[in-house]
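# Topology and contacts: notes
Next come the chains, spelled out residue by residue.
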Amino acid sequence: GIRMCVCVIYSLWCIGIRMLSGLQFHVKRGDHTRAARLLMRVANNISKFPTHLVPILTSTVVECHRAQLRNTAFTYAAQLMQPQYRQKLEPKWKKKLETIVR
């Protein structure tokens, strides 16, 4: 019932907070490979986060690019270049993503 829904939502929230803090930790340490892998796990389940699709995929592309995971960065950048997402990109990242896709 309702109690189960609250427990599931709380669990997902806790996992999200842990994932985010772990991500920030790895980025600050300069461990872009681990940060990219964490973001790839989220990006592979992007349908569960439809409202945050563009920022998550943008972060994934940037970290994959920094971690020398060029094919993965290209895949997610190409997804962001689709017309429905392209207009939602921040101008400062748009040029970089276009360069990765070329």
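Each remark here, short or long, concerns the structure printed above.
Just so we're clear, the structure is a prediction, and the values are computed from it rather than from any experiment. (Residues numbered from 1 in each chain as written. Predicted model: local features only at pLDDT ≥ 70, side-chain atom pairs only at ≥ 80, totals over all residues. Heavy atoms only, no water.)

## Digging into the overall build of the protein chain
Across its full length, the protein chain carries six helices and zero strands. The helix and strand sequence of the protein chain, counted from the amino end, reads α-α-α-α-α-α. Within the protein chain, buried positions represent 33% of all 102 residues. Within the protein chain, residue pairs in contact and separated by at least 24 positions form 42% of the contacts whose partners lie at least 6 positions apart. Here the protein chain displays about 7200 Å² of accessible surface, and carbon together with sulfur accounts for 59% of that area. (Helix = DSSP H or I, 4+ residues; strand = E, 2+ residues; numbered from the N terminus. Buried < 20%, exposed > 50% of the residue type's maximum accessible area, 1.4 Å probe, protein only. Contact = heavy atoms within 4.5 Å. Areas by Shrake-Rupley, 256 points an atom, 1.4 Å probe, with all protein chains shown as cover.)

## Considering the packing of helix H3 (residues 53-66) against helix H4 (residues 70-80)
As a packed pair, H3 and H4 sit with axes 8 Å apart at the nearest point and diverge in direction by 155°. As the angle between them shows, H3 and H4 are arranged roughly antiparallel. As H3 runs across H4, the sense of the crossing is left-handed. In this structure, H3 uses Val54, Leu57, Thr58, Thr60, Val61, Cys64 and His65 to contact H4, whose residues at the interface are Arg70, Thr72, Ala73, Tyr76, Ala77, Gln79 and Leu80. Across the contact of H3 with H4, the residue classes tally to eight nonpolar, five polar and one charged. (Axes fitted to C-alpha atoms, helices over the stretch in contact; angles between N-to-C directions. Parallel < 35°, antiparallel > 145°, perpendicular 65-115°, else oblique. Left-handed = near helix turned anticlockwise from the far one by under 90°. Nonpolar A, V, L, I, M, F, W, Y, C, P; charged D, E, K, R; others polar.)

## Let's talk about the nonpolar core
With 22 residues, the main nonpolar core has Leu57, Val61, Leu80 and Leu97 as its most contacted residues. Those elements that place two or more of their residues in this core are helix H2 (32-43), H3, H4 and helix H6 (91-101). In this structure, Leu57 is in contact with Ala43, Ile46, Tyr76, Gln79 and Leu80, ignoring residues within four places of it in sequence. (Core = buried A, V, L, I, M, F, W, Y, C linked by side-chain atoms within 4.5 Å.)

## Notes on the pattern of salt bridges
Counted by the stated rule, this structure contains two salt bridges. With its nearest N and O atoms 3.0 Å apart, the salt bridge here joins Glu63 to Arg66. Taken together, the positions of Glu63 and Arg66, both in helix H3 and three residues apart, correspond to about one turn of that helix. Glu98 is the salt-bridge partner of Arg86, the closest N and O atoms lying 3.0 Å from each other. Placement of the pair is Arg86 in helix H5 (residues 83-86) and Glu98 in helix H6, with a sequence separation of 12 residues. (Salt bridge = Lys/Arg side-chain N within 4 Å of Asp/Glu carboxyl O.)

## Section: the side chain of Thr58
Mapped onto the secondary structure, Thr58 falls in helix H3. Residue class for Thr58 comes out buried when judged on its relative accessible area of 8%. Residue contacts for Thr58: discarding those within four places in its chain leaves Leu80, Leu89, Trp93 and Leu97.

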